[in-house]
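Remarks on the overall topology
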4 protein chains.
Amino acid sequence: MEDTSSRRRVPAGAKAEQRIRDILRVSRDVFAELGYERATTTEIAQRLGVSEGTVFTYFHGKRELCVRVIEDWYDEIISTLEQGMPHGQPTKAQLEFYVKTHLRLFLIQGTGLCALVLSEGRAKGPGLGEVFLPLQRRYTAPLMDLLARARSNGEIRGDLPLSLLRSAILGPMEHILWDAIARQREVDIEKTARDMVALLWPALQPVDLELEKLRGFYGEVSAALRKAAAD
Amino acid sequence: MEDTSSRRRVPAGAKAEQRIRDILRVSRDVFAELGYERATTTEIAQRLGVSEGTVFTYFHGKRELCVRVIEDWYDEIISTLEQGMPHGQPTKAQLEFYVKTHLRLFLIQGTGLCALVLSEGRAKGPGLGEVFLPLQRRYTAPLMDLLARARSNGEIRGDLPLSLLRSAILGPMEHILWDAIARQREVDIEKTARDMVALLWPALQPVDLELEKLRGFYGEVSAALRKAAAD
Amino acid sequence: MEDTSSRRRVPAGAKAEQRIRDILRVSRDVFAELGYERATTTEIAQRLGVSEGTVFTYFHGKRELCVRVIEDWYDEIISTLEQGMPHGQPTKAQLEFYVKTHLRLFLIQGTGLCALVLSEGRAKGPGLGEVFLPLQRRYTAPLMDLLARARSNGEIRGDLPLSLLRSAILGPMEHILWDAIARQREVDIEKTARDMVALLWPALQPVDLELEKLRGFYGEVSAALRKAAAD
Amino acid sequence: MEDTSSRRRVPAGAKAEQRIRDILRVSRDVFAELGYERATTTEIAQRLGVSEGTVFTYFHGKRELCVRVIEDWYDEIISTLEQGMPHGQPTKAQLEFYVKTHLRLFLIQGTGLCALVLSEGRAKGPGLGEVFLPLQRRYTAPLMDLLARARSNGEIRGDLPLSLLRSAILGPMEHILWDAIARQREVDIEKTARDMVALLWPALQPVDLELEKLRGFYGEVSAALRKAAAD
DNA sequence: GATGAATGAGATTTCATTCAT
DNA sequence: AATGAATGAAATCTCATTCAT
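Taking an unreviewed UniProt entry as the reference, chain A is identified by name as TetR/AcrR family transcriptional regulator belonging to Cupriavidus oxalaticus.

See the structure below:
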């Protein structure tokens, strides 16, 4: 985006890399806790026990620091998902792994960062938005692959766009996470993951038209009977 | 709460109400676009073409203004949902109405405000959070009612917590909305709503145990066959 | 000072005069309670139950209003002192009247206004100071007259400037008042006035040189004896 | 009291201390000249030739700055009085020292600060008042000690409350100071101190009842004679 | 004459960023 | 390379004063 190379030379070397890691680690905490605007470079420096100037020796500014924090976080998630995915197992088991891992990663520290991405990703002007889109694509890739493979196998329904299926899986997870945060409740990750897949799995099945018709008929008859009884 | 004894009174009357509506309308835009922190009272005043002081004639401060913006937005959504809900129709039709209306309302202007609620609702300290929780409860109430009634009728499954079903419906919608915003794509609301319900409806059905067993058996056999074919 | 006549026409008539009295009465309270800076025209108008503009119909601004408040207050004090002073009685009785009346007038409402005069009277720039000096002179005049008459009669000492005697009488009173305010204590006006005069009366007596010499000698001898006893 | 956890730390070190002294010195001037409300942090920064932010690097806000200014001023006065007091000398000499030192310290710069304390000390709400009361007690302590010792020696009268004697000494001094300020006149400190003690010393003497009776008789006879002569 | 909404200058305070040491 | 004091732009909020109604 910008030619920042001429502005400042960022130190290199083993010690410098450790410093960068430290700054990123603490910055992640601070941004996650406070959000972009309320987080201050002073706070980050204080928690690290270094001077305020030091942060600017390694990063061009608050914005770049924030971008790096989010990039690193995405990288962690993506590599955890990619490496852990049990490709040999049935689709449902893979899906359960995906959901469980997702919930776990986000609940450790992710909600603050998630909020950060959601709110800062939207910011107009010289936004962080451009940076995040490719990251989000990489991050949903394992799920999309899984779904695409299962669909080509006929394991899951082909009558709806894949992006809708993806939303039907990622969406509920995020909603559960927000809810947990908002109400400050504990989440039983294992159980929630199992329930979630139990709930969604039928939705992903290929539509059995005969069955669907029967179900529709049954539903209407039931409703009619109830209504008749009510009158 | 606060000592308002010597504060200037907020004007009342038809013209004042119009002014308040104007300020709220513009503030909604600004908060939605920029988020709480980046939004400035100066910007709001400029867009309105009034002086900065005028905003403070009608609202005690930025925080109160923001709270009012969100309350009004929630009120709109809630009353639209409550008034429009076709109670006489089958559950599936009601659900379709809920999803469609939800998507429509949020796409008009909601995503920015949604982000606002999500990010500011989390803020520590003297946050906006306390204000939002009851609003969020009121806003999900129509859906919860719908689900509860359908469950007591035996129309939808009773083996999972209602909150999970709720997340499975609200979550995908929000995800779709975020996706649409992030990629700046148009959304065909009618089609998306229909697809979404078509997708989720099977998930809400009572579990037909025999069928489920057959499906499980079928799934395993299919997977085994595929695996055998692949080797 | 300024030609304000062309700026605005102040209403006249019986109703207008009542209005002016009301505004001054309330303003006196507000200025006394809050001081010049913290007092607001809004507060004054609200307590009166009139609009903010009305105050400006009768006074050119906050500053003029404050000046008028103080002038009126001085006028009250001065006329009370002038009219009540028992000229026929002995000097000591007159002094007691002066002290008692002074304490009473200031304790009713005066401390706030006294603070106002002390702090605002000092303000640099387009200050209130110029206005107050003649008022203060008029206000100390009865005391100065009393002292001057008594001195010419030989009733009080002539070896020190009158202004010093005046300070020795007014000063303690103000100090007592401030102390009462600061510690929020009640003051028994009658007793305090009597004690004060009992205390100060000897100080005002003509110096009896022979007696003074004896006293000095006595004091030194006493001190020397005490010191000898202590060693 | 306050959440200072994430606030920037106040610099420490020799240079920082010099800076703090500079800020306090200039702030003292500004607060003394203008009073708390009219004094601005901008003015302070400008007189120092530093940016506005710098003041806030060293003090958390205007209020704290003002409190520090007053505390420092009191400390100066108190330590000067405590250290200089000639304890070995006669009470009258000690009193003369107290009065002289007091006048000198206040005339250098004290009147503005005195006004500050008097007017801001009264302020309602989150005032500076609480801070000042203990300071004022410490500041009058040397005088109270002196009076108490002299009274227990029988050197000064015991028929009136000590607080009244204190007011009779401090009050006139303050009055003289105010007068000097208001009229912008020079004060001959040595002479004024000597005169003041000469005036007040008789007032502090133990009451000589016989003498008092004689004086009363003399006064009444004189008055009667004068009256007879006037008729 | 009264009103009271609009104004806008000005005050305090925060904080990312720089740069001399 | 690290420091951390200085900076100054920008933000929120107040309130005396005006003027159209």
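Next, the rest of the story.
1. Observations regarding the overall build of chain A
Within chain A one finds nine helices and zero strands. Element order for chain A, N to C, with α for helix and β for strand: α-α-α-α-α-α-α-α-α. Taken across its 231 residues, chain A has 47% of its residues classed as buried. Sequence-distant contacts in chain A: of pairs separated by 6 or more residues, those separated by 24 or more amount to 71%. As displayed, chain A has an accessible area near 11400 Å², and 53% of this comes from carbon and sulfur atoms.

2. Looking at the UniProt feature "domain: HTH tetR-type" (unreviewed entry) in chain A
UniProt annotation of "domain: HTH tetR-type" (unreviewed entry) refers to residues 17-77 of chain A when read in the numbering used here. Within residues 17-77 of chain A, the helical portion is 87% and the strand portion 0%, while the C-alpha atoms at the span's ends are 21 Å from each other.

3. What about the relation of the copies chain B and chain A?
Overlaying chain B on chain A yields an RMSD of 0.7 Å, the required transformation being a rotation through 178 degrees with an accompanying axial translation of 0.1 Å. The superposition of one copy onto the other is thereby described by a two-fold rotation axis. Residue G171 of chain B of chain B places its C-alpha closer to the rotation axis than any other residue of that unit, at 2.0 Å. Of the interface residues in chain B, 96% have counterparts in chain A that sit at the interface too, so the contact is made through matching surfaces.

4. A closer look at helix α7 (residues 162-183) of chain A
Because each turn of an α-helix spans 3.6 residues, side chains separated by three or four positions in sequence point in the same direction. All names here are of chain A. Counted at 1.5 Å a residue, the expected span for α7 with its 22 residues is 32 Å, and the 32 Å between its end C-alpha atoms agrees. With respect to burial, α7 is a largely interior element, 18 of its 22 residues being buried. Looking one or two places after α7, you find Q184, whose phi comes out positive at around 55 degrees.

5. Observations concerning the protein's contact with DNA strand F
If you check the shell around DNA strand F, you find 34 residues, and the closest are T54 and Y58 of chain A together with R19, T54 and Y58 of chain D. Looking at DNA strand F alone, sugar and phosphate atoms form 67% of those within 4 Å of the protein. Residue A39 of chain B places a main-chain N or O atom 3.4 Å away from a phosphate oxygen belonging to DNA strand F. Within the backbone of S51 of chain D, a nitrogen or oxygen atom sits 2.9 Å from a phosphate oxygen of DNA strand F. Among the elements of the structure, α3 (52-58) of chain A, α2 (41-48) and α3 (52-58) of chain B, α3 (52-58) of chain C together with α3 (52-58) of chain D are those that each provide at least two residues to the surface near DNA strand F.

6. Structural notes on the protein's contact with DNA strand E
Surveying the vicinity of DNA strand E reveals 35 residues, the closest of which are R19, T54 and Y58 of chain B together with T54 and Y58 of chain C. Near-protein atoms of DNA strand E (within 4 Å) split between backbone and bases, with sugar and phosphate holding 66%. Here a phosphate oxygen of DNA strand E sits 3.3 Å away from a polar atom, N or O, in the main chain of A39 of chain A. Between DNA strand E and the protein, one listed contact pairs a phosphate oxygen with a backbone N or O atom of S51 of chain B at 2.9 Å. Where the surface near DNA strand E is concerned, the elements lending two or more residues are α2 (41-48) and α3 of chain A, α3 of chain B, α3 of chain C together with α2 (41-48) and α3 of chain D. Here the surface near DNA strand E is composed, by residue class, of 10 nonpolar, 16 polar and nine charged.

7. Let's talk about helix α1 (residues 14-38) of chain B
Between its first and last C-alpha atoms α1 of chain B spans 31 Å; for 25 residues at 1.5 Å apiece the expected length is 36 Å, and the helix comes up short by more than 12%. Along its length, α1 of chain B reaches its greatest deviation from straightness, about 80 degrees, at A32 of chain B.

8. Focus: the UniProt feature "DNA-binding region" (unreviewed entry) in chain A
UniProt's feature table lists "DNA-binding region" (unreviewed entry) at residues 40-59 of chain A, given in the numbering used throughout. Measuring from the first to the last C-alpha atom of residues 40-59 of chain A gives 14 Å, for a span that is 75% helix and 0% strand.

9. Points about the environment of L147 of chain B
Residue and element names in this part refer to chain B. Residue position: L147 is located in helix α6 (residues 129-152). Given the relative accessible area of 3%, L147 is considered buried. Sequence-wise, L147 and P90 are 57 residues apart; in three dimensions their C-alpha atoms are separated by 12 Å. Residues contacting L147, with those up to four places away along its chain left out, are I156, L162, L165, R166 and I169.

10. Considerations on the side chain of E155 of chain B
By the secondary structure assignment, E155 of chain B is in the loop between α6 and α7 (162-183). Taking relative accessible area as the criterion, E155 of chain B reaches 19% and is therefore assigned buried. In this structure the side chain of E155 of chain B is engaged in a polar contact, spanning 2.7 Å, whose partner is the side chain of T91 of chain B. Excluding residues within four positions of it along the chain, E155 of chain B makes contact with R226 of chain A together with T91, A150, L204, Q205 and P206 of chain B.

11. A short note on the interface of chain B and chain A
Between chain B and chain A, the contact holds 50 residues from the first and 52 residues from the second. Summing both sides of the interface, chain B and chain A together bury roughly 4600 Å²; the carbon and sulfur share of this comes to 59%. Viewed at the interface, chain A and chain B are joined by four salt bridges. Notably, a salt bridge pairs E37 of chain A with R38 of chain B, separated by 2.5 Å at the nearest N-O pair. Where chain B packs against chain A, one counts seven residue pairs in polar contact (both at pLDDT 80 or more). Secondary structure elements with two or more residues in the side of chain B that touches chain A: α1, α5 (91-120), α6, α7, α8 (189-204) and α9 (209-230) of chain B.

12. Quick word on the pattern of salt bridges
Residues and elements named next belong to chain A. Scanning the model with the defined rule gives 38 salt bridges over all chains in all. Of the charged contacts in the structure, one is a salt bridge between R138 and D75, with a shortest N-O distance of 3.1 Å. Of the two residues, R138 sits in helix α6 (residues 129-152) while D75 sits in helix α4 (residues 62-84), which places them 63 residues apart along the sequence. Given a relative accessible area of 33%, D75 falls into the partly exposed group. Within the structure, one salt-bridge network assembled from shared partners comprises E33, E43 and R47.

13. Focus: the nonpolar core
Ranked by internal contacts, the top residues of the largest apolar core, which has 134 residues, are F31 and I169 of chain A together with F31 and I169 of chain B. Leave out the neighbours within four places in its chain, and I169 of chain A touches L95, V99, L143, L147, L200 and L204 of chain A. With 132 residues, the next largest nonpolar core counts I77, L113 and L160 of chain C together with L81 of chain D among its residues.

14. Some remarks on the domain arrangement of chain A
Residue and element names in this part refer to chain A. The domains assigned to chain A are domain 1 (9-59) and domain 2 (63-230). Of the residues lining the interface, 13 residues belong to domain 1; the matching set on domain 2 comes to 14 residues. In this assembly, domain 1 packs against domain 2 so that about 1300 Å² is buried in total across both faces, 64% of it on carbon and sulfur atoms. Its largest share of buried area at the contact with domain 2, domain 1 owes to R28, Y36 and F59, together 54% of the area lost on that side. Linking domain 1 with domain 2 are one salt bridge. Ionic pairing is found between E76 and R28, a salt bridge with its closest N-O pair at 2.8 Å. Our count for the domain 1 to domain 2 interface comes out at two residue pairs in polar contact (both at pLDDT 80 or more). In terms of residue count, helix α1 (residues 14-38) provides more of the side of domain 1 that touches domain 2 than any other element does, 10 residues in total. Partitioned by chemical class, the residues of the side of domain 1 that touches domain 2 number nine nonpolar, two polar and two charged.

15. Concerning the packing of aromatic side chains
All told, the structure shown has 20 aromatic pairs over all chains when counted by the stated rule. Centroid distance W73 of chain B to F106 of chain B: 5.3 Å. Interplanar angle 65 degrees. Geometry classified as edge-to-face. Highlighted residues: W73 of chain B in helix α4 (residues 62-84) and F106 of chain B in helix α5, separated in sequence by 33 residues. The aromatic ring of Y36 of chain C is capped on one face by K62 of chain C, whose charged end is 4.6 Å from the ring centroid.

16. Focus on the side chain of T192 of chain C
Residue and element names in this part refer to chain C. With respect to the helices and strands, T192 occurs in helix α8 (residues 189-204). For T192, a relative accessible area of 15% gives the class buried. For T192, the contacting residues outside a window of four places in its chain are L103, I176 and V187.

17. Quick notes on the packing of helix α7 (residues 162-183) of chain D against helix α8 (residues 189-204) of chain D
Residue and element names in this part refer to chain D. Two numbers describe how α7 lies on α8: the axes approach to 11 Å, and their chain directions differ by 155 degrees. Judged on the interaxial angle alone, α8 and α7 are roughly antiparallel. Handedness of the crossing formed by α7 with α8: right-handed. Contacts between α7 and α8 involve L165, A168, I169, P172, M173 and I176 from the first element and T192, M196, L200 and L204 from the second. Taken together, the residues of the contact of α7 with α8 break down into nine nonpolar, one polar and no charged.

The rules behind the values
- Residues numbered from 1 in each chain as written.
- Chains lettered and ligands numbered in written order.
- Predicted model: local features only at pLDDT ≥ 70, side-chain atom pairs only at ≥ 80, totals over all residues.
- Heavy atoms only, no water.
- Helix = DSSP H or I, 4+ residues; strand = E, 2+ residues; numbered from the N terminus.
- Buried < 20%, exposed > 50% of the residue type's maximum accessible area, 1.4 Å probe, protein only.
- Contact = heavy atoms within 4.5 Å.
- Areas by Shrake-Rupley, 256 points an atom, 1.4 Å probe, with all protein chains shown as cover.
- UniProt positions renumbered as here; feature names shortened; annotations may be inferred.
- Least-squares fit on C-alpha atoms with pLDDT ≥ 70 in both.
- Expected span 1.5 Å × (residues − 1).
- Near = heavy atom within 4 Å.
- Polar contact = N/O pair within 3.5 Å; in protein donor to acceptor, adjacent residues only side chain to side chain.
- Nonpolar A, V, L, I, M, F, W, Y, C, P; charged D, E, K, R; others polar.
- Bend = angle between axes of the 7 residues up to and from the residue.
- Buried area = accessible area lost by both parts, 1.4 Å probe.
- Salt bridge = Lys/Arg side-chain N within 4 Å of Asp/Glu carboxyl O.
- Core = buried A, V, L, I, M, F, W, Y, C linked by side-chain atoms within 4.5 Å.
- Domains from an automatic or database assignment.
- Phe/Tyr/Trp six-rings, centres within 6.5 Å; stacked < 30°, edge-to-face > 60°.
- Lys NZ or Arg CZ within 6 Å of the ring centre and 35° of its normal.
- Axes fitted to C-alpha atoms, helices over the stretch in contact; angles between N-to-C directions.
- Parallel < 35°, antiparallel > 145°, perpendicular 65-115°, else oblique.
- Left-handed = near helix turned anticlockwise from the far one by under 90°.

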